[in-house]
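As a plain string of letters, each chain reads:
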Amino acid sequence: MGILVHDLAHARAGDKGNTSSIAVIAYDEAGWQVLRRALTAERVAQAFAHLGAGPVRRYEIASLKALNFVIPDVLAGGVTRSLRLDPHGKSLSALMLGIELPGGPA
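Predicted, not measured: the structure shown is a model, and the values here were computed from it. (Residues numbered from 1 in each chain as written. Predicted model: local features only at pLDDT ≥ 70, side-chain atom pairs only at ≥ 80, totals over all residues. Heavy atoms only, no water.)

On to the overall build of the chain. Within the chain, the regular secondary structure consists of three helices and six strands. Secondary structure elements in the chain, listed N-terminal to C-terminal, are β-β-β-α-α-β-β-α-β. Partitioning the contacts of the chain with sequence separation of at least 6, the portion at a separation of at least 24 is 61%. Summed over its atoms, the accessible surface of the chain is roughly 5700 Å², and 58% of this surface lies on carbon and sulfur atoms. (Helix = DSSP H or I, 4+ residues; strand = E, 2+ residues; numbered from the N terminus. Contact = heavy atoms within 4.5 Å. Areas by Shrake-Rupley, 256 points an atom, 1.4 Å probe, with all protein chains shown as cover.)

What follows is about the environment of Pro-55. Looking at the secondary structure, you find Pro-55 in the loop between helix H2 (41–48) and strand E4 (57–61). On the basis of relative accessible area, Pro-55 is assigned to the exposed category, the value being 65%. Separated by 17 residues in the primary sequence, Pro-55 and Pro-72 have C-alpha atoms spaced 6.9 Å apart. Once residues lying within four places of it in the same chain are set aside, the contact partners of Pro-55 are Val-70 and Pro-72. (Buried < 20%, exposed > 50% of the residue type's maximum accessible area, 1.4 Å probe, protein only.)

So far we have only geometry, and geometry alone does not tell us how the molecule works.
Set out below in structure tokens:
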């Protein structure tokens, strides 16, 4: 059985147009190592595919033990066009935290 991202980190989502940016910040060094290894752009793209997400880009910020994921086309047009209840995509950080990762601490 895997481990959930929320067991290792907290997250914060922001938006710009139709693009969401979600930062995942590890609680500690052990969690950071698992996230770096297992929370790939491909894994995030799988989790967000049902929302029409474009190609996911992942950026590492090692000094903060954080990963930032930029996810285009996931906000149904963005805040001024979307008919979704959450046009800013703030709840997308909860989707990120619910991703199951293989294994656990290495």
